[in-house]
Amino acid sequence: MATLSDRLNINSQIEHLQAKYVGTGHADLTKFEWALNIHRDSYASYVGHHNMVSYFGAVENESIGRVKYEFLQRMLLPCGLPPKAQDQSEDEEEK
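An unreviewed UniProt entry annotates the protein as Splicing factor subunit originating from Chlamydomonas reinhardtii. UniProt's Sequence similarities (unreviewed entry) comment on the protein is quoted here verbatim: "Belongs to the SF3B5 family."

Following this line, the structure appears as structure tokens:
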């Protein structure tokens, strides 16, 4: 059974990981931010693994360089523009 000190140690380790690595998430992470991290991580993995880029190039009938370029471009806005915050939309309606 976990003791109180074990729980505090685990929580401090999680907080350290969340501060060190952007993609690990936190309690206030929105659905859009989570999807953004997943898509960017996927594209970065595809670009970093030559065999995956070769596969995508063969499937799409494109050169490897073109596929890498397209993936790098998709990393900028993989999920489209971020949704407007509730506070911003209410302020704009009042104006």
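Visitor: Hey, could you run me through the packing of helix H2 (residues 31–48) against helix H3 (residues 50–60) in this one?
Guide: When two helices pack together, their arrangement is given by the angle between the helix axes and by the axis-to-axis distance. Two elements in contact, H2 and H3, have axes whose closest approach is 5 Å; the angle formed by their N-to-C orientations is 95°. As judged from the angle between their axes, H2 and H3 are roughly perpendicular. Listed contacts from H3 to Tyr46, Val47 and Gly48 of H2 are His50, Met52, Val53 and Phe56. Partitioning the contact of H2 with H3 into residue classes produces five nonpolar, two polar and no charged.

Visitor: Please explain the nonpolar core as it appears in this structure.
Guide: A general tendency of soluble globular proteins is for nonpolar side chains to be buried together. Tyr43, Val47, Val53, Phe56, Val67 and Phe71 form the largest nonpolar core, which has six residues in total. Elements with a minimum of two residues in this core: H2, H3 and helix H4 (64–74). The contacts of Phe71, once residues within four sequence positions are left out, are Tyr43, Tyr46, Val47 and Phe56.

Visitor: Would you mind going over unusual backbone geometry with me for this structure?
Guide: When glycine is set aside, most residues are seen to have a negative phi, and most peptide bonds are trans. One non-glycine residue, Asn61, lies in positive phi territory at about 55°. Structurally, Asn61 is set in the loop between H3 and H4.

Visitor: Looking at this model, I keep getting lost on the packing of aromatic side chains. Mind explaining?
Guide: Two aromatic rings are characterised by how far apart their centres lie and by the angle between their planes. Under the definition given, this model contains six aromatic pairs. Aromatic side chains Tyr46 and Phe71 sit 5.6 Å apart centroid to centroid with 45° between the ring planes, which places their arrangement in the tilted category. Of this pair, Tyr46 sits in helix H2 while Phe71 sits in helix H4, and the two are 25 residues apart along the sequence. The exposure class assigned to Tyr46 is partly exposed, which follows from its relative accessible area of 25%. Assessed through its relative accessible area of 2%, Phe71 is described here as buried.

The rules behind these values
Here the residue numbering is sequential within each chain, running from 1 through the sequence in written order. Where local features are concerned, this predicted model is filtered to residues with pLDDT of at least 70; where side-chain atom pairs are given and counted, the filter is 80 or more; whole-chain, interface and lining totals use all residues. Calculation of side-chain values draws on the structure's entire complement of heavy atoms; hydrogens and water are dropped beforehand. UniProt positions are given in the numbering used here, feature names are shortened, and annotations may be inferred rather than shown by experiment. Each axis is a line fitted through C-alpha atoms, taken for helices only over the stretch in contact, and angles between the N-to-C directions span 0 to 180 degrees. Under the scheme used here, helices are H or I runs from DSSP no shorter than 4 residues and strands are E runs no shorter than 2 residues, and both carry numbers assigned from the N terminus. Under this scheme an angle from 65 to 115 degrees is roughly perpendicular, one under 35 degrees roughly parallel, and one over 145 degrees roughly antiparallel; angles in between are oblique. Note on contacts: a residue pair is in contact if any heavy atoms of the two residues lie within 4.5 Å. Three classes are used, and their members are as follows: Ala, Val, Leu, Ile, Met, Phe, Trp, Tyr, Cys and Pro are nonpolar, Asp, Glu, Lys and Arg are charged, and the others, Gly among them, are polar. We call a set of buried residues a nonpolar core when its members are Ala, Val, Leu, Ile, Met, Phe, Trp, Tyr or Cys and they connect through side-chain atoms within 4.5 Å of each other. Burial classes follow relative accessibility: with a 1.4 Å probe on protein chains only, a residue under 20% of its type's maximum area counts as buried, one over 50% as exposed, and anything between as partly exposed. Between rings of Phe, Tyr and Trp, where Trp is taken as its six-membered ring, a pair exists when centres lie within 6.5 Å; planes separated by under 30 degrees are stacked, by over 60 edge-to-face, and by other angles tilted.

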